[in-house]
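Here is what each chain is made of, one letter per residue.
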Amino acid sequence: MAQVELAKVSKIFPGGVKAVDSVNLTVADAEFVVLVGPSGCGKSTTLRMIAGLEDISDGQIRIGDRIVNDVSPKDRDIAMVFQNYALYPHMSVYRNMAFGLKLRGVPGPQVHQRVMGAAKLLELEPLLDRKPAALSGGQRQRVAVGRAIVREPAAFLFDEPLSNLDAQLRVAMRGELKRLHRRLGTTTVYVTHDQEEAMTLGERIVVMKEGKVQQADAPLRTYNEPVNRFVAGFIGTPPMNFIDGVLRMADGEPVFEEGRLDEAGELALPGTGFRIPVPGRLRRRLSGWTGRHVVLGIRPEHFRLSPADCDGRSASVDVELTVIEPLGPVTDVYMDLPLHDRVVARVEAGDGLEAGARVTMYVDLRRIHFFEPGETGMNLSLLNEPAHAHA
């Protein structure tokens, strides 16, 4: 096992396309870190640079106590599991798992011991004589993982290994990978575009956008305390609602007033939007933004049907329901606010929710956020000192 460290690592492809932009990241020994983000954010390129499958343009990569910038992939002491399994179709499961060890000259008895140990760990023993064509997708993926385990590497690298599996099997394999990491304790870097997969697997998740790390934090902290609007919108299902408006004083108290963006992207305040009070915990932090355009962030699960569910700290908003999606114990409700449409709430399932109905929703003021305008506007709610707007 070993620590993996990236120091100002960049990748520029021909034509000047910067896929990875000065990434700094340390993965501790035995830590399970997940790189997550939309397609094209640089997460797979970052993983391939750690593996040595992609040359770096700038910076330094260290695995354990070695700088590996110029070390070939086979000599980096890592094992990689790919999305497409990459199994040899003409070889049995046993031979697929043993092949890499034999190429490295590992003695036969040791090869057998490692293969049988991995097969037992992954419950592959009944399948050792089968060829990949006779296996299900989940079984093939376990063989690919087993082939990585037998190498006993310093680090595992996973590149979207579950994306080809159906939803039920993905959930099962997530559980297997978590149990496997607890058993082996091997340093692991895992790439996925699925934020739910990232939240459930990672001890720490690294959210990337356009080649840059936006936030690297524990899953629940990333969910509860997103550093900017991009992270807030990417982490969480359904994603956070963003509502443009302004902070102003009303009767001596700070409030948020809903506005809307015009065709030029400027904030308009027709005076017909809803208003909610700024919670006491945020008033000092937001004092520099009075009279300024801000973006209110409300997660769908932080709308309530009753103020009692907000422990007395709620604000009411009158809405019109447009689409109802029952999901068993919860229901996703799409609704129009006075100046914003397609806002979604996730509430407890119950009768009386019908498209076209006008109802009162309650916002849990304990859980709201305020952001700077813009796709990566910072989370003003997290600042310890008052946030001062720039003219």
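Above this text sits the structure in question.
These lines cover the structure that appears in this document, whether it is placed above or below. These numbers come from a predicted model, not from an experiment. In every chain, residue numbers begin from 1 and rise along the written sequence. The model is predicted, so local features are restricted to residues of pLDDT at least 70 and side-chain atom pairs to those at 80 or more, both for listing and for counting; the totals for chains, interfaces and linings are taken over all residues. Side-chain metrics rest on all non-hydrogen atoms present in the structure, leaving aside hydrogens and water.

A word on the side chain of aspartate 244. In this description a helix means any DSSP run of H or I spanning at least four residues, a strand means any run of E spanning at least two, and both kinds are numbered starting from the N terminus. Inspection of the secondary structure puts aspartate 244 in strand 11 (residues 241-250). Should any heavy atoms of two residues lie within 4.5 Å, those residues are counted as being in contact. When neighbours within four sequence positions are excluded, aspartate 244 is seen to be in contact with Phe256, Glu257, Glu258, Gly259, Leu261, Leu267, His293, Val294, Val295 and His340.

This brings us to the pairing of strand 9 (residues 204-209). Each residue is placed in one exposure class: buried if its accessible area under a 1.4 Å probe, protein chains only, is under 20% of its type's maximum, exposed if it is over 50%, and partly exposed if it falls in between. Here strand 9 lies mainly inside the structure; 6 of its 6 residues are buried. Of the two faces of strand 9, the one lined by Arg204, Val206 and Met208 and the one lined by Ile205, Val207 and Lys209 are each fully buried. One requirement defines pairing of two strands: DSSP has to find at least two bridges between them. Relative to strand 9, strand 3 (residues 32-36) runs parallel, the two sharing 4 bridges. Among the inter-strand pairings, valine 34 is bridged to a residue of strand 9, identified as isoleucine 205.

As a further point, take the sheet that holds strand 5 (residues 66-67). Taken together, the 4 strands give an open sheet; going across it, the order is 2-1-4-5, and neighbouring strands pair in antiparallel fashion. Looking along the sheet, the strands with just one partner apiece sit at the ends: strand 2 (17-27) and strand 5. One ladder, built from 7 bridges, connects strand 1 (residues 4-13) with strand 2; its direction is antiparallel. Counterpart to valine 4 in the pairing with strand 2 is valine 27. For helices, the axis comes from a line fit to the C-alpha atoms of the stretch in contact; other axes are also lines fit to C-alpha atoms, and the angle between any two N-to-C directions lies between 0 and 180 degrees. The strands touched by helix 1 (residues 43-51) within the sheet are strand 1, strand 2 and strand 4 (58-63), with strand 1 carrying the most contacts at an inclination of about 115°.

Attention now moves to unusual backbone geometry. Across the junction of threonine 237 and proline 238, the peptide omega takes the value -15°, indicating a cis bond. Position of proline 238 relative to the elements: it lies in the loop between helix 8 (229-234) and strand 11. Phi is positive for glutamate 160, close to 45°, though the residue is something other than glycine. In this structure, glutamate 160 sits in the loop between strand 7 (155-159) and helix 5 (167-184).

A word on the packing of aromatic side chains. What counts as a ring pair is set by centres within 6.5 Å for rings of Phe, Tyr and Trp (its six-membered ring), and what kind of pair is set by the plane angle: stacked under 30 degrees, edge-to-face over 60, tilted for all other angles. This structure, assessed with the given rule, holds 8 aromatic pairs. Arranged with centres 5.1 Å apart and planes meeting at 70°, the rings of tyrosine 88 and phenylalanine 99 form a pair that is edge-to-face. Within this pair, whereas tyrosine 88 is found in the loop between strand 6 (78-81) and helix 2 (93-103), its partner phenylalanine 99 is found in helix 2, the two being separated by 11 residues in sequence. Taken together, the ring pairs in this structure connect Phe32, Phe156, Phe158 and Tyr190 into an aromatic cluster. Arginine 229 extends its terminal NZ or CZ atom over the ring of phenylalanine 242, reaching a point 4.6 Å from the ring centre. In this scheme, Lys NZ or Arg CZ marks a charge over a ring once it lies within 6 Å of the ring centre and within 35 degrees of the ring normal.

The complete set of buried residues in helix 2 reads Val93, Asn96, Met97, Ala98, Gly100 and Leu101. On its buried face, helix 2 is in contact with helix 3 (108-121) and helix 4 (137-149).

For the rest of this paragraph, the subject is the sheet that holds strand 8 (residues 187-192). Taking strand neighbours across the sheet as the criterion, the 6 strands line up as 6-7-8-3-9-10 in an open arrangement whose pairing is mixed. Strand pairing shows two members of the sheet lacking a second neighbour, strand 6 and strand 10 (212-217), which therefore form its edges. Averaged over all neighbouring strand pairs, the angle between strand axes comes to 15°, with direction disregarded. For strand 6 and strand 7, the ladder comprises 4 bridges, and the chain directions are parallel.

This part is about the environment of leucine 128. Here leucine 128 lies in the loop between helix 3 and helix 4. On the accessibility criterion, leucine 128 (8% relative accessible area) is buried. When the C-alpha atoms of leucine 128 and tyrosine 94 are compared, they prove to be 4.9 Å apart, with 34 residues separating the residues in sequence. Excluding residues that lie within four positions of it along the chain, leucine 128 makes contacts with Ser92, Val93, Tyr94, Met97, Met116 and Ala119.

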